[in-house]
Amino acid sequence: MAVKSVTHLNFRGDARAALEFYQSVFGGHLAAVTYKDAGNVQDPAEADQVMWGQVLADNGFHVMAYDVPSGLPWNQGENSFFVSVRGETAQEITAYWEKLSVGATVVQPLAPAQWAPLYGMLRDGFGVVWVLDVVSEYGG
């Protein structure tokens, strides 16, 4: 039996826009089910928000997201999680970095590091912190 973990991002009304953005960066298929689609509308103003969504790409990228209903507490936090994207080549990681960095705040510029041929960190326009690096022998 195998277990797979997937980053699940929680938003307050921005899940669809975030998933569309991540699909534009990594490609793949976007699926989204709204609260209305699922017959689970608690607040009519939130009927078209995402109850379950994901982007799943052939290159292995997979992220899930939903909009936390207003009846539940939500605090995005500052550093409660990072999404780590590890690629095999500098070209691959640089391409993702260039797309993700649009509208982002760069925390650590993409550059060679002691532990990786390339490493960088940014906070995208949705407040999600991304760590991108090229896999090295050290970090496997």
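The notes below deal with the structure included here. Chains are numbered independently. Their residues run from 1 in the order of the written sequence. Only residues with pLDDT of at least 70 are given local features in this predicted model, and only at 80 or more are side-chain atom pairs given and counted; all residues enter the totals for whole chains, interfaces and linings. Side-chain descriptors were evaluated using all non-hydrogen atoms of the structure, hydrogens and water having been removed beforehand.

1. Re the overall build of the protein chain
- By definition, any uninterrupted DSSP run of H or I lasting at least four residues is a helix, any uninterrupted run of E lasting at least two residues is a strand, and each is numbered from the N terminus. Each helix and strand in the protein chain was counted, giving two helices and eight strands.
- C-alpha extents for the protein chain along the principal axes are approximately 50 × 35 × 25 Å.
- The contact criterion used throughout is that any non-hydrogen atoms of two residues lie within 4.5 Å. The contacts in the protein chain between residues at least 6 apart in sequence include a share of 53% that link residues at least 24 apart.
- With an accessible surface of roughly 8,100 Å², the protein chain has 52% of that area assigned to carbon and sulfur atoms. Here the Shrake-Rupley method, with its probe set to 1.4 Å, supplies the accessible areas, and only the displayed protein chains count as covering residues.

2. With respect to the environment of Ala-113
- By secondary structure assignment, the location of Ala-113 is in strand S6 (residues 105-113).
- The buried label applies to any residue whose accessible area, calculated with a 1.4 Å probe on protein chains only, is under 20% of its type's maximum; exposed applies above 50%, and partly exposed to all values in between. With relative accessibility at 23%, the residue Ala-113 sits in the partly exposed group.

3. Considerations on the layout of surface pockets
- Only protein atoms enter the 1 Å grid used here, on which a cavity is any set of points holding a 1.4 Å probe that cannot leave and a pocket is any open set flanked by protein within 12 Å on both sides along at least five of seven lines; residues with an atom within 4 Å of a point are listed as lining. Grid points are joined across faces, edges and corners, and a volume is the space filled by probe spheres set on the points. In this structure, the largest pocket encloses a volume near 340 Å³.
- At the level of secondary structure, the elements contributing two or more residues to the lining of the largest pocket comprise strand S5 (83-87) and helix H2 (90-100).
- In terms of residue count, S5 provides more of the lining of the largest pocket than any other element does, five residues in total.
- Gly counts as polar in this scheme, as do all residues outside two lists: the nonpolar Ala, Val, Leu, Ile, Met, Phe, Trp, Tyr, Cys and Pro, and the charged Asp, Glu, Lys and Arg. Its residues placed into classes, the lining of the largest pocket shows seven nonpolar, seven polar and four charged.

4. A closer look at the sheet that holds S5
- Pairing between strands is defined by DSSP: at least two bridges between the two strands are required. The strand order across the open sheet built from four strands is S5-S8-S7-S6, with neighbouring strands paired in mixed fashion. Two strands bound the open sheet, and with one partner strand each, they are S5 and S6. Within the sheet, the average angular offset between the axes of one strand and its neighbour, ignoring direction, is 10°.
- Looking at chain direction, strand S7 (residues 116-123) and strand S8 (residues 129-134) are connected through five bridges and run antiparallel. Paired with Leu-122 across the bridge in S8 is Trp-130.
- A fitted line through C-alpha atoms serves as each axis, taken over the contacting stretch for helices, and the angle formed by two N-to-C directions is quoted from 0 to 180°. Taken strand by strand, H2 contacts S5, S6, S7 and S8, and its axis lies near 160° from that of S8.

5. Side note on the nonpolar core
- As used in this record, nonpolar core signifies buried Ala, Val, Leu, Ile, Met, Phe, Trp, Tyr and Cys residues forming a set joined through side-chain atoms within 4.5 Å. Counting residues in each nonpolar core, the largest one holds 29 residues, and the members touching the most others are Tyr-22, Leu-100 and Trp-130.
- When residues of this core are traced back to their parent elements, those giving at least two are strand S1 (7-11), helix H1 (15-26), strand S3 (50-56), strand S4 (62-67), S5, H2, S7 and S8.
- Per-element accounting of this core gives the leading share, seven residues, to H1.
- Trp-130 has contacts with Tyr-22, Phe-26, Phe-61, Val-83, Val-85, Leu-100, Gly-120, Met-121, Leu-122 and Asp-124, leaving out every residue within four places of it along the chain.

6. A short note on the pattern of salt bridges
- Between Lys or Arg on one side and Asp or Glu on the other, a salt bridge is scored when a side-chain nitrogen of the former is within 4 Å of a carboxyl oxygen of the latter. All told, the structure shown has two salt bridges when counted by the stated rule.
- Note that Asp-48 is salt-bridged to Lys-36, the shortest N-O span being 2.9 Å. Placement of Asp-48 in the loop between strand S2 (29-34) and S3 and of Lys-36 in the loop between S2 and S3 is noted, with a sequence separation of twelve residues between them.
- Among the salt bridges present, the one from Arg-86 reaches Asp-133, with a minimum N-O distance of 3.0 Å. Of the two residues, Arg-86 is situated in strand S5 and Asp-133 in strand S8; the sequence distance between them amounts to 47 residues.
- Asp-133 gets classed as buried once you look at its relative accessible area, which sits at 6%.

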